[in-house]
Amino acid sequence: MRISEVIQKIKDYSRGKDAHTNQPIDDALSRDQVLYGSIDKECTGIVTTCFASVEVIEKAHACGANLIISHEALFWNHGDHTDWLKAEKNSVYLRKKKLLDDYGITVWRDHDYIHSGMPGANKTWYDGIFKGFLHDTGLEKYYVPNINDSVKYSIPVMLNLPGLTVREVADMIIKGAGLNGIRLIGDPDAVVHNACIPMHLIGFADKETISMINIKNIDLLITMELIDYTVNEYMRDGACLGDPKAILACGHFNTEEPGMKYMLNWLPEALGTDTIPMTFIKSGDASQYILP
Ligand SMILES: [Fe+2]
Ligand SMILES: [Fe+2]
């Protein structure tokens, strides 16, 4: 099968409409572009990963794959623009590019399509990324469906826990997602019931998240990003006032990578064949923790 066919079959298998706006994905504007290489060649093997790091590229080549499907950008910026890197003769860029050239590897990004919805039971759709996270961590059984959502597990993801400590939830995530640790804000022994994976916490729409925490009485946030100002401060003040408020700041890629592993569950059906070798290669937890 040609790489172009692989990509088209995955797009056709996906819901193809933004999970929040219901607008069809516009391929010209989508993040899901061919980030590197040619699609006009036979696919020798597929590697799925969150981020096509240098290490992932090396491992993909070692297992004979010439297509990496990544969830995130390849060259470290939104839109994967490379003009600035070329102009500056950025050395990391040039060396990573050479590796892809030497190995003949194509990189395609599956971001918008996998979040748009993958087919579930009884003609339902689920977010392929957060499904993977909930599946691997064992948190899926606590999921609270929202009847207004056309796509299950879209963020914000609400969870109703049966009174677990923050530490117990952290253990489930660390083991399930294979992390080096999790940054914690709050009391690890606080017993929490209402948890949420919120939208991105990057500073400019965080008032909405604080409103949601207040209205829905959220005890625990399981976050992709976390900055010191806004939601971090709010939960800290709540905890200081005696509320069971905590944040497990897992990291963006750490939260999303299990979905690219889960992709192997539906990829053979999407392609209509299991004859192409398909492998998940973990780009892995980029954080180490130095404790006193
Ligand atoms: Fe992401
Ligand atoms: Fe994502």
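Residues numbered from 1 in each chain as written. Chains lettered and ligands numbered in written order. Predicted model: local features only at pLDDT ≥ 70, side-chain atom pairs only at ≥ 80, totals over all residues. Heavy atoms only, no water.

**Student:** Tell me what's going on with the overall build of the chain, and back it up with residues and numbers.
**Tutor:** Along the chain, the regular secondary structure elements total ten helices and twelve strands. Its C-alpha atoms give the chain a radius of gyration of 20 Å, within 12% of the compact-globule value 19 Å for 292 residues. Taking the principal axes of its C-alpha atoms as reference, the chain extends roughly 60 × 50 × 30 Å. Taking all 292 residues of the chain together, 50% fall into the buried category. The long-range share in the chain, meaning contacts at least 24 apart out of those at least 6 apart in sequence, stands at 71%. For the chain, the accessible surface area stands at approximately 14100 Å², while carbon and sulfur atoms represent 53% of it. Taking the average place of the 28 positive charges on the side chains of the chain and the average place of its 39 negative ones, the gap between the two points comes to 2 Å. (Helix = DSSP H or I, 4+ residues; strand = E, 2+ residues; numbered from the N terminus. Rg over C-alpha atoms; globule rule 2.2 N^0.38 Å. Buried < 20%, exposed > 50% of the residue type's maximum accessible area, 1.4 Å probe, protein only. Contact = heavy atoms within 4.5 Å. Areas by Shrake-Rupley, 256 points an atom, 1.4 Å probe, with all protein chains shown as cover. Lys, Arg positive; Asp, Glu negative; His and termini not counted. Charge placed at Lys NZ, Arg CZ, Asp CG, Glu CD.)

**Student:** Mind laying out the coordination of the iron ion (ligand 1), listing which residues take part and the relevant values?
**Tutor:** Looking at the iron ion (ligand 1), the protein donor atoms are E72 (OE), H252 (NE2) and E256 (OE), and they sit 2.0 to 2.1 Å from it. Expressed as a motif, the donor residue spacing for the iron ion (ligand 1) is E-x179-H-x3-E. The two metals, the iron ion (ligand 1) and the iron ion (ligand 2), are separated by 3.1 Å and share E256 as a common coordinating residue. Remark: E256 and H252 occur in helix 10 (residues 252-271); sequence separation between them is four residues, near one turn of the helix. The residues H252 and E256 share a single accessibility class, namely buried. (Donors = N, O, S within 2.8 Å, 3.2 Å for Na, K, Ca; no water.)

**Student:** Quick rundown of unusual backbone geometry? Include the residues and the values.
**Tutor:** The residue after I155, namely P156, is reached through a cis peptide bond having omega 0 degrees. Within the secondary structure, P156 sits in the loop between helix 6 (128-137) and strand 7 (157-165). Positive phi values are uncommon outside glycine, yet N217 reaches one of about 55 degrees. Residue N217 is classed as partly exposed on the basis of its relative accessible area, which comes to 46%. With a phi close to 80 degrees, T230 is a non-glycine residue in the positive phi region. Locating T230 in the fold gives a position in the loop between strand 10 (220-223) and helix 9 (231-240).

**Student:** Describe the pattern of salt bridges, with residues and values.
**Tutor:** This structure, assessed with the given rule, holds twelve salt bridges. The partner of K11 in a salt bridge is D27, and the shortest N-O contact between them spans 3.5 Å. Within this pair, whereas K11 is found in helix 1 (residues 3-13), its partner D27 is found in the loop between helix 1 and strand 1 (34-36), the two being separated by 16 residues in sequence. A salt bridge links K59 to E55, with the nearest nitrogen and oxygen atoms 3.5 Å apart. Of the two residues, K59 and E55 both sit in helix 2 (residues 54-62), four residues apart, roughly one turn of that helix. (Salt bridge = Lys/Arg side-chain N within 4 Å of Asp/Glu carboxyl O.)

**Student:** With reference to specific residues and values, describe the domain arrangement of the chain.
**Tutor:** Domain boundaries assigned for the chain yield domain 1 (3-116 + 259-280) and domain 2 (129-253). Look at where the C-alpha atoms of domain 1 and domain 2 centre, and you get two points 28 Å apart. Residue-level contacts link 15 residues of domain 1 with 13 residues of domain 2. With both chains or domains summed, domain 1 and domain 2 bury close to 1100 Å², and 65% of this area falls on carbon and sulfur atoms. (Domains from an automatic or database assignment. Buried area = accessible area lost by both parts, 1.4 Å probe.)

**Student:** Tell me what's going on with helix 10, and back it up with residues and numbers.
**Tutor:** Between its first and last C-alpha atoms helix 10 spans 28 Å; for 20 residues at 1.5 Å apiece the expected length is 28 Å, and the two agree. Taking the largest bend as the criterion, helix 10 deviates by roughly 50 degrees, centred on N265, and proline P268 comes between one and four positions later. Counting buried positions along helix 10 yields 14 of 20 residues, so the element is predominantly enclosed. Looking one or two residues past helix 10, G272 carries a phi angle of roughly 70 degrees, positive in sign. (Expected span 1.5 Å × (residues − 1). Bend = angle between axes of the 7 residues up to and from the residue.)

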